[in-house]
Amino acid sequence: MRSPSEMRIIEIDITNACIHQCSNCTRFCGHHKTPYFMEWEMFKKSVDSLLEYGRCIGMMGGEPTLHPQFERFARYLAEVYPGQHHVPSSNQPLPVFSNYIRDKNYLQHECLNRHKGPGLMSATSKRYFQHFDLIQKLFSYQSINDHNNPSLHQPVLVSRKDLGIPDEKWFPMRDNCFFQNQWSASITPKGAFFCEVAGSLDMLFNGPGGWKVEPGWWKRTPDEFGDQLQWCELCGGALFQQGRLASEEIDDVSPSLLKKLEEVGSPKLRRGAVSVLQNLTGYDGQEMPNTRRRYLSDFTKRVSACNQAIYPDGISTILPALDCAFGAQMNQALAQAETGWVYLPEAPESHLGEQMVERLKQVVLNPEVLYRIDKEGESGWLFHRRAKALRQAGFDGIAHCVSREAFLAFWPEEQGCVLASAFDQFQNPDLEVWAAYAQSAAAEHQDEIERCLKKIRSDYQ
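These lines cover the structure that appears in this document, whether it is placed above or below. In this text, all values refer to a predicted model and were calculated from it rather than measured experimentally. (Residues numbered from 1 in each chain as written. Predicted model: local features only at pLDDT ≥ 70, side-chain atom pairs only at ≥ 80, totals over all residues. Heavy atoms only, no water.)

### Observations concerning the sheet that holds strand E8 (residues 242-245)
In spatial order, the strands read E5-E8-E11; together these three strands make up an open sheet with antiparallel pairing. The strands lining the two open edges of the sheet, one partner per strand, are strand E5 (152-153) and strand E11 (286-287). (Pairing = 2+ DSSP bridges. Helix = DSSP H or I, 4+ residues; strand = E, 2+ residues; numbered from the N terminus.)

Set out below in structure tokens:
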């Protein structure tokens, strides 16, 4: 086992609400009658307790972006515990979003920030997209997985005693548990825990809570874990090297855990989304790789191209007349648009062709950016109708626009982008911008930075 002080990341679990109810979720989403949302004072105290930690402080769920105070939490974490470096963005579309985040984690978080700074674990929900620009600017590290992929989750709600594993065999297994040795400690609304799954079990089964959240709690060593080790008796983290598809949304549980789920009135159990294990050799799961990313080793699959939470589901064209009541027409057109993304042509005949629309649907666009399309026959502006620029302007602000130019001026210059002609061909449109920044910002780590950039470029060749 490890002390939390030795871990790469410590999670603050701000909610167990989620858009999924994955198989064998380590937060047991779907089993709670009512999800929790951490209160502001508890979050602030949690962050403040970790200011001397020196690694990554992560915001975790459930799906953390569902928390109604997500933006407030994220801004506070980034303000008091920032990553030293933030690589710049060109605002160009991102064809392979999962790879983009992988590259950014490697260069920004590992090489430049030396694993220190704010982190986010997300299933890339609609709320993630709503906060997209904020997330890219504030977080040093992101672990993303929309679970629309072959992600495997091993059984968690399993007691070693149900499987007949004696003490002499169990204790070495427990001390070498994958979760505790590869993942993180955590803080929930009920306190701090040596292991993130222990914190989740305490929440699900109405346990006594964790350690007091105070500076230095994370310095505890394994011989100080004490009563928290009781939760290992209810966890299958050390028992399995196999899993089932997360997308099946079925939990594998042992008989004594089944009884506990009955006692807490698990909604997921009532739906029949539980499979009972009788013995260790009877579990017929898929073999998982013996790596830190064994749940899904192929990073390119972490965000599916069919994820319409972040990929455009279509584009609506609006054609206000330029000679009368421009602002009123814009308000009406935006209200009637059938999609989030809207195209404003420069001239009535400048419609987006079907091929261009399909190309745009294959990339991730930043909803706060105003994109200029400058192509013969397809000249105009592309934007999201829920962009912050328009929300700040409000209905009345838009109504008072007397011209297209006044409307476009709502976006600050730094939130604009001229769409490259080959925008969907760049594997990582920001890589060379990052390279220039990194080579000028961190002279003492140039050898490591060069290795990082060489690795990223080789991945795309």
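### Some points on unusual backbone geometry
A cis amide bond, omega 15°, links Gly61 with the succeeding residue Gly62. We note that Asn91 has phi near 70°; this positive angle belongs to a residue other than glycine. Inspection of the secondary structure puts Asn91 in the loop between helix H2 (70-80) and helix H3 (97-112). Given the relative accessible area of 9%, Asn91 is considered buried. (Buried < 20%, exposed > 50% of the residue type's maximum accessible area, 1.4 Å probe, protein only.)

### Thoughts on the environment of Ile310
Within the secondary structure, Ile310 is located in the loop between E11 and strand E12 (315-317). Residue class for Ile310 comes out buried when judged on its relative accessible area of 1%. Considering only alpha carbons, one finds Ile310 and Lys116, 194 residues apart in sequence, at a separation of 27 Å. Once residues lying within four places of it in the same chain are set aside, the contact partners of Ile310 are Phe97, Thr124, Ser125, Tyr128, Phe129, Val303 and Val364. (Contact = heavy atoms within 4.5 Å.)

### Section: the packing of aromatic side chains
If you walk through the whole model with that rule in mind, you get 25 aromatic pairs. Ring geometry for Trp40 versus Tyr76: centroids 5.3 Å apart, planes at 80°, classification edge-to-face. Placement of the pair is Trp40 in helix H1 (residues 40-48) and Tyr76 in helix H2, with a sequence separation of 36 residues. Their ring planes at 70° and their centres at 5.7 Å tell us that Tyr53 and Trp218 sit as a pair that is edge-to-face. Linking Tyr53 in the loop between H1 and strand E2 (56-60) with Trp218 in the loop between helix H8 (196-204) and E8, this pair joins segments that are 165 residues apart in sequence. (Phe/Tyr/Trp six-rings, centres within 6.5 Å; stacked < 30°, edge-to-face > 60°.)

### A word on the sheet that holds strand E4 (residues 141-144)
Taken in spatial order, the six strands line up as E4-E3-E2-E1-E6-E7 in an open sheet, and their pairing is mixed. Each of the sheet's edge strands pairs with one partner strand only, and the pair in question is E4 and strand E7 (191-193). The mean inter-strand angle of the sheet, taken between neighbouring strand axes irrespective of direction, is 20°. When E2 meets strand E3 (residues 117-122), the two strands line up parallel, connected through four bridges. Each bridged residue has a counterpart across the sheet, and for Gly58 the counterpart in E3 is Gly119. Along the sheet face, H3 touches E2, E3 and E4 and points at about 150° away from the line of E4. (Axes fitted to C-alpha atoms, helices over the stretch in contact; angles between N-to-C directions.)

### Things to note about H8
Within H8, nine of the nine residues are buried, which leaves the element mostly enclosed by the surrounding structure. Listed as buried for H8 are Glu196, Val197, Ala198, Gly199, Ser200, Leu201, Asp202, Met203 and Leu204. Tucked into the core, H8 has its buried residues touching strand E1 (9-13), helix H7 (178-182), strand E6 (185-188), E7 and helix H9 (255-263). Downstream of H8 by a residue or two, Asn206 has a phi angle that is positive, lying close to 55°.

### Points about the side chain of Asn149
Inspection of the secondary structure puts Asn149 in the loop between E4 and E5. Among the polar contacts made by the side chain of Asn149, one reaches the side chain of Asn145 at a distance of 2.8 Å. Polar contacts involving the side chain of Asn149 include one to the main-chain carbonyl oxygen of Lys301, which spans 3.1 Å. With near-sequence residues (within four places) excluded, Asn149 lies in contact with Leu296, Lys301 and Arg302. (Polar contact = N/O pair within 3.5 Å; in protein donor to acceptor, adjacent residues only side chain to side chain.)

### Let's talk about the packing of H3 against helix H16 (residues 446-459)
Two elements in contact, H3 and H16, have axes whose closest approach is 10 Å; the angle formed by their N-to-C orientations is 175°. Relative to H16, the element H3 lies roughly antiparallel. Here Arg102, Asp103, Tyr106, Leu107, Glu110, Cys111 and Leu112 of H3 come into contact with H16, specifically with Glu448, Ile449, Arg451, Cys452, Leu453, Lys455, Ile456 and Asp459. Residue composition of the contact of H3 with H16, by class: eight nonpolar, no polar and seven charged. (Parallel < 35°, antiparallel > 145°, perpendicular 65-115°, else oblique. Nonpolar A, V, L, I, M, F, W, Y, C, P; charged D, E, K, R; others polar.)

### So, the side chain of Ser316
Among the secondary structure elements, Ser316 is positioned in strand E12. Residue Ser316 is classed as buried on the basis of its relative accessible area, which comes to 13%. Among the polar contacts made by the side chain of Ser316, one reaches the main-chain amide nitrogen of Glu338 at a distance of 3.3 Å. Side-chain polar atoms of Ser316 contact the side chain of Thr339, separated by 2.8 Å. For Ser316, the residues in contact, after removing those within four places along its chain, are Ala337, Glu338, Thr339, Trp341, Val342 and Tyr343.

### Thoughts on the environment of Asp13
Within the secondary structure, Asp13 sits in strand E1. Distance in space between the C-alpha atoms of Asp13 and Asp146 is 18 Å, their sequence separation being 133 residues. Among residues more than four places away in sequence, those in contact with Asp13 are Arg27, Tyr36, Met38, Met60, Gly61, Ser186, Ile187, Thr188, Pro189 and Ser200.

### Here's the deal with helix H15 (residues 431-441)
Taken together, the buried positions of H15 are occupied by Leu431, Trp434, Ala435 and Ala438. Buried residues of H15, seen end-on, are gathered within an arc of 100° and therefore sit on one face of the element. Exposed residues lying more than 90 degrees from the buried face of H15 are Glu432 and Ser440. Where the residues of H15 are buried, they touch H3 and H16. (Arc of directions from axis to C-beta.)

### Things to note about the pattern of salt bridges
Applying the stated criterion across every chain, the model contains 22 salt bridges. Residues Lys137 and Asp133 are paired through a salt bridge, measuring 2.9 Å at the closest nitrogen-oxygen approach. Of this pair, Lys137 and Asp133 both sit in helix H5 (residues 132-138), four residues apart, which is roughly one turn of that helix. Between Asp459 and Lys455 there is a salt bridge whose closest N-O contact spans 2.9 Å. In this pair, Asp459 and Lys455 are both assigned in helix H16, four residues apart and thus about one turn of the helix distant. Judged by its relative accessible area of 34%, Asp459 falls in the partly exposed class. One network of salt bridges, with partners in common, ties together Arg102, Asp103, Lys455 and Asp459. (Salt bridge = Lys/Arg side-chain N within 4 Å of Asp/Glu carboxyl O.)

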